[in-house]
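Listed below, chain by chain, are the residues.
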Amino acid sequence: MAIPDYNKVTDEIASKIKDIVGADYVSWDNKPMMYSYMSRGIMGIRAGPPDLVVRPGNAEEVRQVLMLCSENKIPVTPMAGGLSGGFALPLLENGGVLLECSRMNKIIEVNTDARYVIVEPGVRAGEVWAYFKKFYPEWAPPIADGAPPAATIMGDAIERGFSLVTSRFGPQADLVMGMEVVLPTGDILRTGSWGLGGVDPKYQGTKQDGNAMPYYKYGLGPDLHSLFFGSQGAMGVVTKAALKIVPHCHHKTVKAYGFENWYDAQEATLMASKYECGIADHFVMVQGGNWWLVPTRFQKDKIPKTYDYWAKLGIPEYFMNFEIWAHSEEELKFICDKLDDVILNQYAPKAKGKVTEWKLHPIQIASRMKKPNKIAIPYGQWEQGFLFITWYTPWQDAAECVEIYCKKMEEYGFPPVMWLASIDHCRECIIMPIFCFDSRKVEDFERIEKCEEDCTKIFLKKGWVNYRPNPTIHAPMSYDKAPTAFKLLRACKKVLDPNMIMHPGRLAFIAGVENPMDIPQYIVGYKKK
């Protein structure tokens, strides 16, 4: 259903956008090109083609494009790599402008004293990792763990995703020290201490933009920067971000443990992770899952699909991996020995089932240590497609959540592929079912959404939240249960984006639609033959 409050791109608008960025950076009236962009939204299953794709080269070009689109009430969907938060594609039949920011790919500044890096939206994980390996080998940028090298570091950060050090330092949003955000009003906002202008050059850092360094994220009075975390491009366009960098310890390993049930995996991991100011501060990434994570990386018609086969190969039914960083071999050995003691000697005797160490082959450890890794990619081989859905729960609720999820996935005919990870010493858990399905079949998409609708009804009553919400399920259902938050967020959006052109529909914000539960009818659906 088209929405009357938005307009289509016209020849006149396309001409004006070409004047702003140059004709070489605008794709217009080319349907095959428009549809080709739809393959880049791997985290979403609903999308439509844009009317026009524009590739700005700097914040000023972004500003002019947004002002033009706001004046003419044309929807704008920002994206860079399209591999971090997903849904980086239009969701309305109106289409509109896809603001493709991959040309903005500079690493602006690295400060190893204040310990941050400033990047533009098009800087990819593989690029920034290689840059640090060459020029700053003692420091690590917080790239996403599991995302491919082509994913952008900024996309994961402003999505509040998980980095390679999430179990130690918290979700990616905790590592953002400041942002430069372009708004449809034409304003350019810098958050935190970075927002202070008129600063002497000596105190600006090497970026030399007239403003203070991004050393303090909360900055000038009430905090503004959280409005742009998790907004999925619905509040403005982040054109620069300052992210914390962390010490890159070069003595590393992975310890793994097997369990016979989810509960023991949860409780043993929690026991070890409570050793803060101690061994737990060296667990940079703690993650695990069930045995289904292994076979679904292969074509389903070519491998056994019962656990008996995989058990003979030494794959635990449930497992947790601890990636450990240390400053010396002596320190690494102490941490590993203490972790073994906690899991195998302190927890195992009181466990509900058997707890064992899963001794990984050196090749397995080396593969896990390689950054950026490509852990996610093989799941597309099971059939034709895969989809990650992500929820946050308290760590102590993780086992209950994944048990419910696995049963629901099997009920709807999907292999119950489940992954989970610790956030900040197991204060929170990020839970990610991986739906492996046939992307050629509309009925598979429908089964995924029906499964998610069932799970969402259950999970919201338990207080669990989806951090990358589906626009037809998670977002409207969540906001329906949080009416005050929705009312105030919508009011904030009207200030930042008066005509509500930014990624309409993504988070239940559409001009002229007040009730979040009315949003799904406007989101593009599946085309049946």
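Since this is a predicted model, take the numbers as computed values, not measurements.

A. How the structure looks around the overall build of the protein. Secondary structure assignment for the protein yields 14 helices and 20 strands. Against the compact-globule benchmark of 24 Å for 529 residues, the protein has a radius of gyration of 23 Å, which places it among compact chains. Considered along the principal axes of its C-alpha atoms, the protein spans approximately 70 × 60 × 40 Å. In the protein, which comprises 529 residues, the proportion classed as buried is 60%. In the protein, of all internal contacts separated by at least 6 residues, the share reaching a separation of at least 24 is 73%. Only carbon and sulfur atoms are counted for the fraction: they give 53% of the accessible area of the protein, which is about 21,500 Å². Between the averaged position of the 61 positive side-chain charges in the protein and that of its 62 negative side-chain charges there is a distance of 2 Å.

B. Looking closely at the pairing of strand β10 (residues 237–244). Across the eight residues that make up β10, a large majority, seven, are buried. Bridge count for strand β6 (residues 116–119) against β10 is four bridges, and the pairing is antiparallel. By the bridge assignment, Tyr-116 is partnered in β10 with Lys-244. Bridge count between strand β8 (residues 176–182) and β10: six bridges; the pairing is antiparallel. Looking at the pairing, Gly-178 lines up with Ala-242 of β10.

C. Up close: the state of the cysteines. Counting across every chain of the model gives zero disulfides. This cysteine, Cys-69, is not joined by any disulfide, and Cys-101 carries the nearest cysteine sulfur, 12 Å off. When its relative accessible area of 0% is taken as the criterion, Cys-69 is described as buried. Of the cysteine sulfurs around Cys-406, a residue in no disulfide, the closest is that of Cys-401, at 9.3 Å.

D. Seen up close, the packing of aromatic side chains. Counted according to the given criterion, the structure contains 24 aromatic pairs. Ring geometry for Tyr-392 and Tyr-467: centres 5.4 Å apart, planes at 40°, overall tilted. Placement of Tyr-392 in strand β17 (residues 391–394) and of Tyr-467 in the loop between β20 (465–466) and α13 (474–480) is noted, with a sequence separation of 75 residues between them. Side by side, Tyr-392 and Tyr-467 carry an identical accessibility label, which is buried. Of the aromatic side chains, those joined through ring pairs into one cluster are Tyr-131, Phe-132, Phe-135 and Tyr-136. Between the NZ or CZ atom of Arg-168 and the centre of the ring of Phe-169, over which it lies, the distance is 4.5 Å.

E. Just the pairing of strand β19 (residues 428–437), in detail. Burial of β19 is extensive: nine of the ten residues sit out of reach of the surface. As paired elements, β17 and β19 share four bridges and run antiparallel to each other. Its bridge partner lying in β19, Thr-393 is registered against Cys-429. By the bridge criterion, six bridges tie strand β18 (residues 418–423) to β19 in an arrangement that is antiparallel. Counted as the bridge partner of Ile-423 is Glu-428 from β19. With antiparallel pairing between neighbouring strands as the criterion, β18 and β19 make up a hairpin whose turn holds four residues, including Asp-424 at a positive phi of roughly 50°.

F. Here's a closer look at the environment of Asn-105. Mapped onto the elements of the fold, Asn-105 is located in the loop between β4 (97–100) and β5 (107–111). Sequence spacing of Asn-105 and Ala-491 is 386 residues, and the spatial spacing of their C-alpha atoms is 32 Å. Excluding residues within four positions of it along the chain, Asn-105 makes contact with Glu-120, Gly-122 and Val-123.

G. Local environment of the sheet that holds strand β9 (residues 188–190). The antiparallel open sheet is built from five strands, whose spatial order is β5-β6-β10-β8-β9. Edge positions in the sheet fall to β5 and β9, since each of these pairs with one other strand and no more. If you compare each strand with its neighbour and ignore which way they point, the axes differ by 10° on average. Along the sheet, helix α3 (residues 59–71) makes contact with β8, β9 and β10, crossing β8 at roughly 50°.

What counts and how
- Residues numbered from 1 in each chain as written.
- Predicted model: local features only at pLDDT ≥ 70, side-chain atom pairs only at ≥ 80, totals over all residues.
- Heavy atoms only, no water.
- Helix = DSSP H or I, 4+ residues; strand = E, 2+ residues; numbered from the N terminus.
- Rg over C-alpha atoms; globule rule 2.2 N^0.38 Å.
- Buried < 20%, exposed > 50% of the residue type's maximum accessible area, 1.4 Å probe, protein only.
- Contact = heavy atoms within 4.5 Å.
- Areas by Shrake-Rupley, 256 points an atom, 1.4 Å probe, with all protein chains shown as cover.
- Lys, Arg positive; Asp, Glu negative; His and termini not counted.
- Charge placed at Lys NZ, Arg CZ, Asp CG, Glu CD.
- Pairing = 2+ DSSP bridges.
- Disulfide = S-S within 2.5 Å.
- Phe/Tyr/Trp six-rings, centres within 6.5 Å; stacked < 30°, edge-to-face > 60°.
- Lys NZ or Arg CZ within 6 Å of the ring centre and 35° of its normal.
- Axes fitted to C-alpha atoms, helices over the stretch in contact; angles between N-to-C directions.

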